[in-house]
Amino acid sequence: MKLSHITKSMVKKIYNWGILAPGNIARKFVAELQQLENACVYAVGSRNAVRAKEFADAFGTKRHYDNYLDLVSDPDVDIIYIASPHGLHAEHALLCLNHQKPVLCEKALSLNQKEVERMMACARENNVFFTEAFFTPHQPSYQEAKRIIDSGVLGKVKYIQGWFGFNKAPYDNSLRLMNPKLGGGALLDIGLYPVFDALYFLGEPDQVVAKADFAETGVDQSISIRFDYPKGVTASIFASFVAASGLGTDIFCEFGALRLRRSSAVDQSLDVERPGSEVKHYKWDADVCGLKQEAAEAMKCLDGNRLDSDIMPHSMSLKLIRTLDIIRHKAEIIYPERD
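The structure displayed is predicted, hence computed values, not measured ones.

Asks: Looking at this model, I keep getting lost on the pairing of strand 2 (residues 39-45). Mind explaining?
Replies: Along any regular strand, the residues point their side chains to alternate faces of the sheet. Here strand 2 lies mainly inside the structure; 7 of its 7 residues are buried. Once the chain exits strand 1 (residues 15-20) it traverses helix 1 (residues 24-33) before rejoining the sheet at strand 2, and the crossover so formed is right-handed. Bridge analysis of strand 2 against strand 3 (residues 63-65) gives 3 bridges, and the strand direction is parallel. Within the sheet, the bridge partner assigned to Val-44 lies in strand 3 and is His-64.

The following block contains the structure:
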């Protein structure tokens, strides 16, 4: 088909992405982002000029900046992915939004509900798209599990067990995981995944119980959580930097169970078990999984001039940070100068 015969609606806009903070998660994200035909990894900004140049060389970005202000001021950047430590997300999101740049911001959106509400208010005031780069609801495994539960074929959910743990000791206490000033600790780094799962499949709990094991720096290196719901329904959640538990979520229903697993962003599965039946195993190709799905959704929203995502809406991000605040207060987790 000749280009002259292609209607404007059939041609996808190519979005120039700016990457704010070229750390490990940014590298994983960009490696997948490059697989999308309507995405161009255009620019990167870092407070370290050497790191910005190394990232630009590795991924072929056209521009690299040794500060964030130049990145958000670049008129050719269409959308910015924020990959800095979550203790810095509020500052960096406000910078982007006040420069009229749409934002896909890594989880956790910030350290507390007050800061998240401020970020969302800034997006509304500037009439700019803003969403949390939360991995799981974009994945086919979670969408299929939700479809099965909503269908009622397994009856009601009665209990959820979710966990995420690893042990990479010894840790550098100055880096994000163990640094309370950067929002370090198991809860906001990995515990929010099983917390999200309980919220996604059961909603907000009536009661929360939480206990943490603290590292010498003051961050929670392990945390155990229980959610209580009406009629005896509960969820048990565990996250740790010092227990190599791996990760997974089991959902127990009246007439069967669902087991969600993943070994990487693009390697995920779902098993559905029913008494008297063979286990039904779901597995998906890498091209429909992963971090790139967050980016694809963001660009779809921009195509439709939308300010929010149906998959990870502001309401869900608020529900998540509100629950995380409750857990922190129950477990007596404190972020210096932020609580």
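Asks: Got a minute to help me understand the packing of aromatic side chains in this structure?
Replies: To describe a pair of aromatic rings, one takes the distance between the centres and the angle between the planes. Here the structure, examined in full by the defined rule, presents 15 aromatic pairs. Between the aromatic rings of Phe-134 and Tyr-193, the centroid separation amounts to 5.3 Å while the plane-to-plane angle is 50°, which identifies the pairing as tilted. One end of the pair, Phe-134, is in the loop between strand 6 (130-133) and helix 6 (140-151); the other, Tyr-193, is in helix 7 (residues 186-202), with 59 residues separating them in the sequence. On the basis of relative accessible area, Phe-134 is assigned to the buried category, the value being 0%. Classification of Tyr-193 by relative accessible area gives buried; the value is 13%. With a centroid separation of 5.8 Å and an interplanar angle of 40°, the aromatic rings of Phe-164 and Tyr-193 are classed as tilted. A residue pair is termed long-range when its members are at least 10 positions apart, and Phe-164 in strand 7 (residues 157-167) and Tyr-193 in helix 7 qualify at 29 residues. Comparing Phe-164 with Tyr-193 shows no difference in burial state: the two are buried. Connected via pairs of aromatic rings, a cluster forms that spans Phe-134, Tyr-142, Phe-164, Phe-166, Tyr-171, Tyr-193, Phe-196, Tyr-200, Phe-201 and Phe-241. Note that Lys-168 overlies the ring of Phe-166, its terminal NZ or CZ placed 5.0 Å from the centroid.

Cut-offs and rules
Residues numbered from 1 in each chain as written. Predicted model: local features only at pLDDT ≥ 70, side-chain atom pairs only at ≥ 80, totals over all residues. Heavy atoms only, no water. Buried < 20%, exposed > 50% of the residue type's maximum accessible area, 1.4 Å probe, protein only. Helix = DSSP H or I, 4+ residues; strand = E, 2+ residues; numbered from the N terminus. Right-handed = clockwise from strand over helix to strand, strands pointing away. Pairing = 2+ DSSP bridges. Phe/Tyr/Trp six-rings, centres within 6.5 Å; stacked < 30°, edge-to-face > 60°. Lys NZ or Arg CZ within 6 Å of the ring centre and 35° of its normal.

The analysis is restricted to geometry; functional conclusions fall outside its scope.
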